[in-house]
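# Summary of the model geometry
This is what each chain is made of:
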Amino acid sequence: MKLLVLNGPNLNLLGRRKPEIYGRKTLDEIMVELGAYLAEKGAEAEFFQSNHEGELIDRIHSSIGNIDGIVFNPGAFSHYSYALRDAIESAEIPCVEVHLSDIHNRESFRAVSVIEPVCAAQVSALGDRSYFVGADILLSRLGG
Ligand code: DQA
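Below or above, wherever it landed, is the structure these notes cover. All figures in this text were calculated on a predicted structure; none of them were measured in a lab.

Around the ligand, the surrounding shell consists of Pro9, Arg17, Tyr22, Asn73, Gly75, Ala76, His79, His99, Leu100, Ser101, Ile103 and Arg110. In the environment of the ligand, an oxygen atom lies 2.8 Å from a nitrogen or oxygen atom belonging to the backbone of Leu100. Arg110 has a polar side-chain atom sitting 2.8 Å from an oxygen atom of the ligand. Of the residues assigned to the shell around the ligand, the class counts are five nonpolar, five polar and two charged.

What follows is the structure, given as C-alpha cells:
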C-alpha cells in the first residue's frame, strides 16, 4: 500500500503563514509525523509539495500504476483548478481532499471546492489532523 501526500501552493509556508488559522507546525514537521503514522500502519508514503499547478498535475500523472491513494491538500487551487480536478478524475486513483482550516466558514470563495466531486471524501477544519483522518479514510477504503 503506497500513498502520495500531495500539497499545493503556499503550504510550504506552514508554520509562519497565518498560524492562528493554519497552526504553528511546518509542513515538514507534519509530513514527518504523518510518515511515521503511516509506517506504523504498514503503509508507504511519498510526499510532494509544489506551488505550480503543472507540477502537481505531472505528479498525479506519474502516480498512475504505482500509487494506491492520494491525500491531497490543493491549497487555493481547490477553489478553481479544473485542470487538477481533471487530473484526479483521469488518474482514477482514490483521492481524499484535506484542508487544515474550516473552508466552509471562512471567505465565501473558499467554501466551494471544484476538486471535491472527484474525491472519495473531503476533510477540513481539523488542523494538521485533517491529513491523518484523510489518510485513515483512504487506508480503510483500500483495505489497509
Ligand atoms: C487550505 C485552504 C485554502 O483555502 C487555502 O487557499 C490554503 C490552505 C487549508 O489547508 O486550509 O492554501 O487548503
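This paragraph deals with the environment of Glu97. Looking at where Glu97 falls in the secondary structure, it is placed in strand β4 (residues 95–98). With relative accessibility at 0%, the residue Glu97 sits in the buried group. Sequence separation between Glu97 and Gln122 is 25 residues, and the spatial gap between their C-alpha atoms is 4.7 Å. Residue contacts for Glu97: discarding those within four places in its chain leaves Phe72, Pro74, Ser78, Ser113, Ile115, Glu116, Cys119, Ala121, Gln122 and Val123. Side-chain polar atoms of Glu97 contact the backbone nitrogen of Glu116, separated by 3.3 Å.

Once that is clear, we can look at the pattern of salt bridges. A full pass over the atoms with the stated rule returns seven salt bridges. Between Lys2 and Glu46 there is a salt bridge, and its shortest N-O distance comes to 3.1 Å. Residue Lys2 is found in strand β1 (residues 2–7), and its partner Glu46 is found in strand β2 (residues 44–49); the two are separated by 44 residues along the sequence. Of the residues examined, Lys2 reaches a relative accessible area of 23% and is grouped as partly exposed. Residue Asp136 is joined to Lys41 by a salt bridge in which the shortest nitrogen-to-oxygen separation is 3.2 Å. In this pair, Asp136 sits in helix α5 (residues 129–142) while Lys41 sits in the loop between α2 (27–40) and β2, placing the two residues 95 residues apart along the sequence. Judged by relative accessible area, which is 41%, Lys41 ranks as partly exposed. The network of salt bridges with common partners includes Lys2, Glu46 and Arg59.

The next thing to look at is the packing of aromatic side chains. Applying the stated criterion across every chain yields a total of two aromatic pairs. When the ring of Tyr37 is compared with that of Phe132, the centres are 5.3 Å apart and the planes differ by 65 degrees; the resulting orientation is edge-to-face. With Tyr37 in helix α2 and Phe132 in helix α5, this pair connects stretches of sequence that are 95 residues apart. Between Phe77 and Tyr80 the ring centres are 5.8 Å apart and the planes differ by 70 degrees, which places this aromatic pair in the edge-to-face class. For Phe77, a relative accessible area of 8% translates into the label buried.

Turning our attention to helix α4 (residues 82–91). Within α4 the residues assigned to the buried category are Leu84, Ala87, Ile88 and Ala91. The arc enclosing the buried residues of α4, seen along the axis, measures out at 95 degrees, which places them on a common side. Away from the buried face of α4 by more than 90 degrees, exposed residues Tyr82 and Ser90 are located. Each element contacted by the buried residues of α4 is listed here: α3 (53–62), β3 (69–73) and β4.

Conventions and cut-offs
- Residues numbered from 1 in each chain as written.
- Predicted model: local features only at pLDDT ≥ 70, side-chain atom pairs only at ≥ 80, totals over all residues.
- Heavy atoms only, no water.
- Near = heavy atom within 4 Å.
- Polar contact = N/O pair within 3.5 Å; in protein donor to acceptor, adjacent residues only side chain to side chain.
- Nonpolar A, V, L, I, M, F, W, Y, C, P; charged D, E, K, R; others polar.
- Helix = DSSP H or I, 4+ residues; strand = E, 2+ residues; numbered from the N terminus.
- Buried < 20%, exposed > 50% of the residue type's maximum accessible area, 1.4 Å probe, protein only.
- Contact = heavy atoms within 4.5 Å.
- Salt bridge = Lys/Arg side-chain N within 4 Å of Asp/Glu carboxyl O.
- Phe/Tyr/Trp six-rings, centres within 6.5 Å; stacked < 30°, edge-to-face > 60°.
- Arc of directions from axis to C-beta.

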